[in-house]
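In case you want the letters, here they are:
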Amino acid sequence: MAHESRRTQLAEVAQGPVEFRLDRRGPATVVILYGGHMRAELALGEEVFAQAGCSILVPSRPGYGATPISTGRSQGGFADVSAALCARLGITEVAAVVGVSGGGPTAVTMAARHPALVRRLILQSAVGPLPWPDRRTYLGAHVLFAPRVERGTWAGVRTLLRYAPDAGLRMLLHHLTTLPVRDVVAGLSPESRAELVALFSRMRSGHGFLNDLKTTRHPVPPANGITQPALVIASRRDGAVPFAHAQALVAALPHAQRVESRSDSHLIWFGEDWPSIAERIRAFLGPGSRPA
């Protein structure tokens, strides 16, 4: 998992400008909607789709990167923005829309509102149709990630990661796991530690994270009429999005399979069983999705 910054572009759709990254490979395209603190410039766990020969389209959701908060501010609004972006780029079919963490509700809504475009739904550590986040997280986020202070918050994170990386990882992973965080950090390989330090060092919240909290705090059940097959991947040790969200998604989506990760945290891509989960994802995408 390389976490260098990646080149993005801006497109104008009816709802406003949207930042995106399109990595063209094969005829099948997946759309990835990342969660909090992520933008199109960053990548996480995309290798499974690249190795399957899929093109990858990553929009920055409202308030992240160069996408203004006004471009599709709600989950339904940005589901429509993502569909309009596909049309703008000549993409007439999406092999799967992938909802990661706080991007999950928008992915579900995109599948519901654009069934002719979206063939499958993949949800990774995704927020489901339950209240999220808890009050403590909600209030704390408004202190740390308010627009006037979030730049300083992330500057402090980068400084800590540079000079005391293990302490920085313990701080950042504390709310992402239900296990003792020292054990989680101690169990990371040197490669995983380096990858996480690089990823966290490039994150920003912009106006997006507080918007996420506002739009997901009082959720509605997944929209009726979702007929696409869905793959719901989550860990019981996830401290950021409780496993109950995955259970609720599987109960609400009529054609859903649940894959239980053995990851020690919200970050399923760093779990020891990620290679086998990646195989499940490739199988779910179809017979044409095999390692290049």
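Quick look at the structure, then.

Reading guide: rules and limits
Residues numbered from 1 in each chain as written. Predicted model: local features only at pLDDT ≥ 70, side-chain atom pairs only at ≥ 80, totals over all residues. Heavy atoms only, no water. 1 Å grid on protein atoms, 1.4 Å probe; cavity = no way out; pocket = protein on both sides within 12 Å on 5 of 7 lines; lining within 4 Å. Points joined across faces, edges and corners; volume = space filled by probe spheres on them. Helix = DSSP H or I, 4+ residues; strand = E, 2+ residues; numbered from the N terminus. Nonpolar A, V, L, I, M, F, W, Y, C, P; charged D, E, K, R; others polar. Phe/Tyr/Trp six-rings, centres within 6.5 Å; stacked < 30°, edge-to-face > 60°. Buried < 20%, exposed > 50% of the residue type's maximum accessible area, 1.4 Å probe, protein only. Polar contact = N/O pair within 3.5 Å; in protein donor to acceptor, adjacent residues only side chain to side chain. Arc of directions from axis to C-beta. Contact = heavy atoms within 4.5 Å. Pairing = 2+ DSSP bridges. Axes fitted to C-alpha atoms, helices over the stretch in contact; angles between N-to-C directions. Salt bridge = Lys/Arg side-chain N within 4 Å of Asp/Glu carboxyl O.

Section: the layout of surface pockets
Where empty space is left in the structure can be found by rolling a water-sized probe over the atoms.
Now for step 1: For the largest pocket, the calculated volume is near 1100 Å³.
Now for step 2: Lining the largest pocket are 39 residues; nearest its centre among them are His37, Thr137, His175, Leu176 and Phe209.
Now for step 3: Of all the secondary structure elements, the ones that give two or more residues to the lining of the largest pocket are helix 4 (135-144), helix 5 (150-163), helix 6 (165-173), helix 8 (190-202) and helix 9 (208-216).
Now for step 4: Sort the elements by how many residues they give to the lining of the largest pocket and helix 4 lands first, with 5 residues.
Now for step 5: Across the lining of the largest pocket, the residue classes break down as 23 nonpolar, 13 polar and 3 charged.

Here's the deal with empty space enclosed by the protein
Now for step 1: Summed over all chains, the structure comprises 4 cavities of 30 Å³ or more.
Now for step 2: There is about 90 Å³ of room inside the largest cavity.
Now for step 3: Along its surface, the largest cavity is lined by 14 residues, and Arg61, Gln75, Thr106, Asp212 and Thr215 are the ones closest to its centre.
Now for step 4: Of all the secondary-structure elements, those providing two or more residues to the lining of the largest cavity are helix 2 (75-88), helix 3 (104-113) and helix 9.
Now for step 5: Sort the elements by how many residues they give to the lining of the largest cavity and helix 9 lands first, with 4 residues.

Focus on the packing of aromatic side chains
Now for step 1: Counted under the stated rule, the structure contains 2 aromatic pairs.
Now for step 2: Note on Phe145 and Phe209: the rings are 5.5 Å apart at their centroids and 80° apart in plane angle, and the pair reads as edge-to-face. In this pair, Phe145 sits in the loop between helix 4 and helix 5 while Phe209 sits in helix 9, placing the two residues 64 residues apart along the sequence.
Now for step 3: Residue Phe145 is classed as buried on the basis of its relative accessible area of 13%.
Now for step 4: Taken together, Phe145, Trp154 and Phe209 form an aromatic cluster joined through their ring pairs.

A look at the environment of Arg61
Now for step 1: Topologically, Arg61 is positioned in the loop between strand 4 (55-59) and helix 2.
Now for step 2: Using a relative accessible area of 5% as the deciding quantity, one classes Arg61 as buried.
Now for step 3: The spacing of Arg61 and Ala278 is 217 residues in sequence and 25 Å in space, taken between C-alpha atoms.
Now for step 4: A distance of 2.6 Å separates a polar atom in the side chain of Arg61 from the backbone oxygen of Tyr34.
Now for step 5: Side chain to side chain, Arg61 and Asp212 meet in a polar contact 2.8 Å long.

Notes on helix 6
Now for step 1: Every buried residue of helix 6 is accounted for by Gly168, Leu169, Leu172 and Leu173. Along the axis of helix 6, the buried residues cluster in a sector spanning 120°; they form a single face.
Now for step 2: The inward-facing, buried residues of helix 6 contact helix 5, helix 7 (181-186) and helix 8.

So, the sheet that holds strand 3 (residues 29-33)
Backbone hydrogen bonds hold the strands of a sheet together, and the pairing may be parallel or antiparallel.
Now for step 1: Ordered in space as 1-2-4-3-5-6-7-8, the 8 strands form an open sheet in which the pairing is mixed. One side of each edge strand has no neighbouring strand; the edge strands of this open sheet are strand 1 (9-13) and strand 8 (256-261). Between one strand axis and the next, the sheet turns by 25° as a mean value, whatever way the strands run.
Now for step 2: By the bridge criterion, 4 bridges tie strand 5 (residues 96-100) to strand 6 (residues 121-124) in an arrangement that is parallel.

Description of the environment of Leu249
Now for step 1: Among the secondary structure elements, Leu249 is positioned in helix 10 (residues 243-252).
Now for step 2: Take Leu249: its relative accessible area is 2%, and that puts it in the buried class.
Now for step 3: Sequence-wise, Leu249 and Leu85 are 164 residues apart; in three dimensions their C-alpha atoms are separated by 26 Å.

Describing the pattern of salt bridges
Now for step 1: By the definition in use, this model includes 12 salt bridges.
Now for step 2: A salt bridge links Arg21 to Asp23; the shortest N-O distance between them is 2.8 Å.
Now for step 3: Here Glu279 ties to Arg282 by a salt bridge, and the two come within 2.7 Å at their closest N and O atoms. In this pair, Glu279 and Arg282 both sit in helix 11 (residues 274-285), 3 residues apart, roughly one turn of the helix.
Now for step 4: Each of Arg21, Asp23 and Glu46 takes part in a single network of salt bridges with overlapping partners.

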